[in-house]
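What the coordinates show
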Amino acid sequence: MKGKLIGVGVGPGDPELLTIKAEKVLQSVDVVCAPRSAPAKPSIALSIVKPSLDKREDVFEVLEPVFPMTEDKESLENHWDQAADMVADHLEQGRDVAFVTLGDPAIFSTFSYLQQRIGDKGFVVDMIPGITSFTGCAASAGIPLVEKDDILVVVPKVDQRLARIMEHGDTFVIMKTSRHSELLKDTIESDNRNKEIISVQNCSMENEEVHAGFTKNKKYLSTTLVKFHK
Ligand SMILES: C[S@@+](CC[C@H](N)C(=O)[O-])C[C@H]1O[C@@H](n2cnc3c(N)ncnc32)[C@H](O)[C@@H]1O
């Protein structure tokens, strides 16, 4: 029988935020696959599941394909294709592969590129949801994200689209803030409603930081929550 690929959401950082289901898969799977953004950069997702994997006494394999952070589409496609081939080799031999991914696999995850390719090759693909970073950030900030009929908007990139929809949203989750410029600040500040702005870096990790207002630092694990009050 062929193996299956399982996308495992590992939560925002604290290993105790792994789900029981994720933990079970990590204890039994033949291969754990963890994305790296560069050959010399350790995988964050792998570091989150390390305490779980350290408990294992049997033999399993760890694959760490590189998924570079580049806008070069051709280079990205090549890396995703290579990772898919690497994973497919194991599936073909009947070995299940768990692809660990930060937060939830359905939210801006590298898993989606692998999911599509492996599905196209005819293998079974499952997903185990994880605690997404922005609900983790809300917990760290100690605020509800949305109440009553509030509309929640998740923003990966600040461009003209944000200005167009601003008035319709009540709470904005701004992800990937390390790549946003002053445009983020200007766009949010141009809305005259009363607002609460909280920036969270490294949510649920030992070096977590929670600040009121926008942050100037360029940490990758950084999310800004903007809540407009009616
Ligand atoms: C490629 S997306 C991955 C999102 C992930 N799949 C999820 O469900 O949260 C990476 C972005 O998620 C946010 N993020 C992930 N983990 C975080 C953390 N521990 N603290 C703050 N933001 C985080 C940041 O905005 C970061 O730039």
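Residues numbered from 1 in each chain as written. Predicted model: local features only at pLDDT ≥ 70, side-chain atom pairs only at ≥ 80, totals over all residues.

As for the overall build of the protein
Spelled out, the test is: Think of it this way: any DSSP run of H or I at least four residues long counts as a helix, any run of E at least two long counts as a strand, and we number them from the N terminus. What the globule rule says is 2.2 Å times the number of residues to the power 0.38, and the radius of gyration is computed from C-alpha atoms. We call a residue exposed when 12 or fewer other C-beta atoms sit within 10 Å of its C-beta, buried when the count reaches 20 or more, and partly exposed for counts in between; the C-beta positions come from the backbone. A pair of residues counts as a contact when their C-beta atoms, built from backbone coordinates, are separated by no more than 7 Å.
Each helix and strand counted, the protein has seven helices and 10 strands in total. Computed over the C-alpha atoms, the radius of gyration of the protein is 19 Å, within 12% of the 17 Å expected from 2.2 N^0.38 for a compact globule of 230 residues. Principal-axis analysis of the C-alpha atoms places the extent of the protein at approximately 60 × 40 × 35 Å. Relative to its 230 residues, the protein shows a buried fraction of 37%. Long-range contacts, defined as pairs at least 24 residues apart, comprise 70% of the intrachain contacts of the protein with a sequence gap of at least 6.

Structural notes on the site of the ligand
Filter applied, for reference: Working rule for contacts: place C-beta from the backbone, and if it is within 6 Å of a molecule or strand, that residue counts as near it. Each residue is assigned to one class: nonpolar for Ala, Val, Leu, Ile, Met, Phe, Trp, Tyr, Cys and Pro, charged for Asp, Glu, Lys and Arg, and polar for all the others, Gly among them. In this document the domain limits rely on a domain assignment from an automatic tool or a database.
Residues in contact with the ligand amount to 24 residues; listed here are only the nearest, Gly-103, Ile-107, Ser-133, Met-175 and Cys-203. Going through the elements one at a time, helix H5 (133-141), strand E8 (194-201) and strand E10 (222-229) are the ones with two or more residues in the shell around the ligand. The class makeup of the residues in the shell around the ligand is 10 nonpolar, 12 polar and two charged. When residues of the shell around the ligand are assigned to domains, at least three map to each of domain 1 (5-128) and domain 2 (133-229).

Concerning helix H3 (residues 73-92)
Basically, it comes down to this: By this rule, a helix spans an expected 1.5 Å times one less than how many residues it contains. Of all possible arcs, the one meant is that of the directions from the helix axis to the C-beta atoms.
The end-to-end C-alpha distance of H3 is 28 Å, a good match for the 28 Å that 20 residues give at a rise of 1.5 Å each. Of the positions making up H3, those classed as buried are Ala-83, Ala-84, Val-87, Ala-88 and Leu-91. All buried residues of H3 lie within an arc of 140° about the axis, which places them on one face of the element. More than 90 degrees from the buried face of H3, the exposed residues found are Glu-74, Ser-75, Asn-78, Asp-81 and Glu-92. Of the surrounding secondary structure, the elements contacted by the buried residues of H3 are strand E1 (5-9), strand E2 (31-33), strand E4 (97-101) and helix H4 (111-120). Just downstream of H3, Gly-94 is the residue with a positive phi angle, here 80°.

Things to note about the sheet that holds E1
Under the convention used in this document: DSSP-based pairing: two strands are paired if at least 2 bridges between them are found. Only the contacting stretch of a helix is used when fitting its axis, a line to C-alpha atoms as for every element, and angles between N-to-C directions run 0 to 180 degrees.
Spatially, the five strands line up as an open sheet ordered E3-E2-E4-E1-E5, and their pairing is parallel. Of all strands in the sheet, those bounded by a partner on one side alone are strand E3 (61-63) and strand E5 (125-128). Sheet twist, expressed as the average angle between the axes of neighbouring strands with direction ignored, equals 20°. Summarising the sheet, E2 and E3 pair through three bridges and their orientation is parallel. Among the inter-strand pairings, Cys-33 is bridged to a residue of E3, identified as Leu-63.

Regarding the environment of Ala-98
Relative to the helices and strands, Ala-98 resides in strand E4. On the neighbour-count criterion, Ala-98 (25 C-beta atoms within 10 Å) is buried. Separated by 72 residues in the primary sequence, Ala-98 and Leu-26 have C-alpha atoms spaced 7.3 Å apart. In this structure, Ala-98 is in contact with Ile-6, Val-8, Val-25, Leu-26, Val-29, Val-32 and Cys-33, ignoring residues within four places of it in sequence.

Some thoughts on the domain arrangement of the protein
Here the domain parsing of the protein yields domain 1 (5-128) and domain 2 (133-229). Once you take the C-alpha centre of each, domain 1 and domain 2 turn out to be 27 Å apart. The partner domain 2 presents eight residues to the eight residues of domain 1 that form the contact. Split by residue class, the side of domain 1 that touches domain 2 holds four nonpolar, three polar and one charged.

Observations concerning the sheet that holds strand E6 (residues 152-155)
A sheet is described by the order of its strands in space; here five strands give the open sequence E6-E7-E10-E8-E9, paired in mixed fashion. Edge positions in the open sheet fall to E6 and strand E9 (209-212), since each of these has one partner strand only. The mean inter-strand angle of the sheet, taken between neighbouring strand axes irrespective of direction, is 15°. Along the sheet, H5 contacts E6, strand E7 (171-174), E8, E9 and E10; its crossing angle with E10, the most-contacted strand, is approximately 65°.

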